[in-house]
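Architecture at a glance
One letter stands for each residue in the lines below.
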Amino acid sequence: MKLHKIFFFLVAVFALIFACWYIFPAEGVDVGGVKLRFPSYEKALADLRDGKSAVDVDSVLLAVQKSYEMVREQGDTLQFYKEYITTNPHRIHLPGDDYTFFDSFFEGLDTAASSGQLARIVHYGDSQLEMDRISSMLRQMLQDRFGGSGPGMVPILKPMSSVSVSQNTTGSLTRYALVADTLSRWSSTHRYGPLTRYAVLTGQARFNFRRAENRYAQERVKSIKRVGVLFGHSSPGLKMSLKCDTLALMTATVDSSVNGVSVLTWDLPAEVRGGSLTLNGTAEIYGIMLDGGPGVTVDNVAMRGCSGTILSGIDSTSLRAAYENTDTRLIILQFGGNAMPGIGSRKAISLYMNKLEKQFEYFKGVAPWAKLLFVGPADMSKSVNGSLVTWPLLPDLNDSLKVHCLNNGIAYWDTFNMMGGVGSMKEWVKHNPPLAGPDYIHFTTKGAAEVGTALGKSLLLYDDFRRLRQTLSETAVKEYLDSLRSE
């Protein structure tokens with residue numbers, strides 16, 4: 001084709017586009033119940049005139065990282081912590097800016113590590129937690145400091161794969177789940193346990209596990225030195241046998257029936273790559289603990305489709321007993337995203353807050369010794385007139401969550417603003433490599449790692465400050481307290 005023909009062809013195409021821009025109704029055209037829209041030239045011109053730049057993800061993440069770093073040359077150490085506790089937007093927000101909020105939690109981790117025990121953290125959340133991605137980063141950072149290893153507690157019947165452990169189960173088991181699916185049932189007893197799901201053993205079953213070897217698995221999660229079973233309501237003679245690598249077969253029998261919740265644990269003489277646990281009898285199996293003490297571990301509990309308002313449906317007596325038996329010190333709730341599609345007004349936000357506050361009271365009742373931390377929702381994008389924008393009421397939901405959590409004595413971490421706020425999800429998807437998926441809702445593994453790392457750093461800074469305060473004189477601490485309260 002000659003050059004002048006190509007030129008006139010391109011001119012004709014652009015003329016046709018501009019004609020469609022001009023004559024196509026702005027509100028679109030209904031065709032067979034489907035709304036068809038054409039981009040408007042007004043919007044295109046407005047975009048060209050708009051000097052506001054999109055969220056620069058790399059700059060945002062760099063700013064988050066730097067906000068957790070203390071530059072000693074630029075100021076006093078106490079001043080850094082003072083500003084962090086009161087003004088850093090990426091901190092874990094504490095009720096009343098009480099920097100001692102997590103002290104008892106960290107002291108408990110110190111005690112567990114020094115006494116050969118293992119303290120637990122349970123991380124509940126929606127599908128953002130699936131495959132143990134965010135929890136795995138938090139677990140690795142805490143275990144680096146306080147000791148411990150392994151992937152934590154897992155259900156005997158795993159709902160989906162994980163980057164942190166490989167497992168499979170066969171035998172006579174019936175699964176029950178708080179958020180039921182086609183493979184699970186609802187339980188009339190509501191004894192779902194700390195993992196919001198359990199299995200009823202009636203006969204024999206075998207649980208096989210192997211440490212993770214994939215590139216996303218954290219180092220400490222690969223070290224398994226302790227295997228335990230959290231169970232209850234068993235008949236006499238329940239038999240459990242554990243065979244790991246080349247270690248000799250270890251068998252234990254529970255002679256009498258267990259009406260409540262109990263734990264059976266094997267401390268292994270060496271780290272193992274995998275093993276098989278065989279169960280014979282009748283019992284409710286609430287979880288299998290794959291740990292390595294002493295120190296701390298994080299149990300990942302992903303609840304696809306859940307907005308966090310039904311956890312109080314777990315029988316409180318059995319859950320309290322489970323938390324006591326496993327020494328649970330911190331409960332993390334990461335919800336809000338699944339509530340967003342049903343929120344069309346500020347009144348709907350208030351109704352959601354009322355439901356969440358009932359959950360707060362529930363957890364305070366079943367684990368009054370544990371600290372509560374709420375992790376807010378990520379940015380989410382939806383299509384509005386052909387453009388991807390943040391869900392309109394998501395910023396309001398995030399602000400309301402923060403206020404209600406702090407008013408109820410619960411710490412709050414702001415994922416939405418850590419990402420960059422309004423419009424950030426779209427840029428996380430476009431980032432190279434992508435930090436979020438094409439659904440504009442869920443993080444990729446790399447994106448989840450960024451979130452989990454930031455959450456871990458923000459938490460550990462409070463432990464850093466606790467350790468610093470232990471080295472200060474009472475006078476220095478009092479002076480700091482006075483300066484904080486005077487502002």
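Going by the structure above, here's the rest.
What comes next concerns the included structure. A quick note: this is a predicted structure, and the numbers were derived from the prediction, not measured.

Conventions used here
- Residues numbered from 1 in each chain as written.
- Predicted model: local features only at pLDDT ≥ 70, side-chain atom pairs only at ≥ 80, totals over all residues.
- Heavy atoms only, no water.
- Salt bridge = Lys/Arg side-chain N within 4 Å of Asp/Glu carboxyl O.
- Helix = DSSP H or I, 4+ residues; strand = E, 2+ residues; numbered from the N terminus.
- Buried < 20%, exposed > 50% of the residue type's maximum accessible area, 1.4 Å probe, protein only.
- Phe/Tyr/Trp six-rings, centres within 6.5 Å; stacked < 30°, edge-to-face > 60°.
- Pairing = 2+ DSSP bridges.
- Axes fitted to C-alpha atoms, helices over the stretch in contact; angles between N-to-C directions.
- Contact = heavy atoms within 4.5 Å.
- Expected span 1.5 Å × (residues − 1).
- Left-handed = near helix turned anticlockwise from the far one by under 90°.
- Nonpolar A, V, L, I, M, F, W, Y, C, P; charged D, E, K, R; others polar.
- Parallel < 35°, antiparallel > 145°, perpendicular 65-115°, else oblique.

Under the counting rule described, the total for this entry stands at 24 salt bridges. The partner of D464 in a salt bridge is R145, with the nearest N and O atoms 2.7 Å apart. Of this pair, D464 sits in helix α12 (residues 445-471) while R145 sits in helix α6 (residues 133-146), and the two are 319 residues apart along the sequence. Of the charged contacts in the structure, one is a salt bridge between D463 and R466, with a shortest N-O distance of 2.7 Å. Of this pair, D463 and R466 both sit in helix α12, three residues apart, which is roughly one turn of that helix. One exposure class covers both D463 and R466, and it is buried.

Turning to the packing of aromatic side chains, a few remarks are in order. One pass over the structure, following the stated rule, counts 21 aromatic pairs. With centroids separated by 6.2 Å and ring planes inclined at 70°, the aromatic side chains of Y192 and Y198 adopt a geometry described as edge-to-face. The exposure classification of Y192 matches that of Y198, with both residues buried. On the basis of an interplanar angle of 10° and a centroid distance of 6.0 Å, the ring pair of F374 and Y412 is categorised as stacked. Here Y412 lies in strand β17 (residues 411-413) and F374 lies in strand β14 (residues 371-375), a separation of 38 residues in the sequence.

Before going further, it helps to spend a moment on the sheet that holds strand β13 (residues 328-334). Taken in spatial order, the five strands line up as β12-β3-β13-β14-β17 in an open sheet, and their pairing is parallel. What marks the edges here is a single partner per strand, and that holds for β12 (295-302) and β17. Pairs of neighbouring strands in the sheet enclose a mean axial angle of 20°, with direction left out of account. Of the strand pairs in this sheet, β14 and β17 are connected by three bridges, and their pairing is parallel. Paired with F374 across the strands is Y412, a residue of β17. Taken strand by strand, helix α7 (residues 316-326) contacts β3 (118-125) and β13, and its axis lies near 135° from that of β3. Across the sheet, α12 touches β13, β14 and β17, and the angle it forms with β17 is around 140°.

Bringing the environment of T174 into the picture now. Here T174 lies in strand β5 (residues 165-177). As for T174 and T202, which are separated by 28 residues in sequence, their C-alpha atoms are 8.3 Å apart. In contact with T174, other than residues within four places in its own chain, are R185, Y198, A199 and V200.

Attention shifts here to the environment of Y84. Within the secondary structure layout, Y84 lies in helix α4 (residues 77-87). A relative accessible area of 2% means that Y84 is categorised as buried. Taking the C-alpha atoms as reference points, Y84 and Y462, 378 residues apart in sequence, are found 9.5 Å from one another. Discounting residues that sit within four places of it in the chain, Y84 has contacts with S67, Y68, R91, I92, S458, L461 and Y462.

What follows deals with the environment of L183. Mapped onto the elements of the fold, L183 is located in the loop between β5 and β6 (197-211). Take L183: its relative accessible area is 58%, and that puts it in the exposed class. Sequence separation between L183 and P159 is 24 residues, and the spatial gap between their C-alpha atoms is 8.8 Å.

In a regular helix each residue adds 1.5 Å, so 21 residues correspond to 30 Å; helix α8 (residues 346-366) covers 31 Å between its end C-alpha atoms and thus fits that length. Of the surrounding elements, those touching the buried residues of α8 are β3, α7, β13, β14 and α9 (394-407).

Here the focus is the packing of α6 against α12. The N-to-C vectors of α6 and α12 enclose an angle of 30°; their axes lie 7 Å apart at closest approach. Helix-helix and strand crossings are classified by hand; for α6 and α12 the assignment is right-handed. Partitioned by chemical class, the residues of the contact of α6 with α12 number 12 nonpolar, four polar and seven charged.

Two elements in contact, α4 and α12, have axes whose closest approach is 11 Å; the angle formed by their N-to-C orientations is 140°. One way to sum up the angle between α4 and α12 is to call them oblique. The hand of the α4/α12 crossing is left-handed. For the pair formed by α4 and α12, the contact residues are T77, L78, F80, Y81, Y84 and I85 on the first element and S458, L461, Y462, D464, F465 and L468 on the second.

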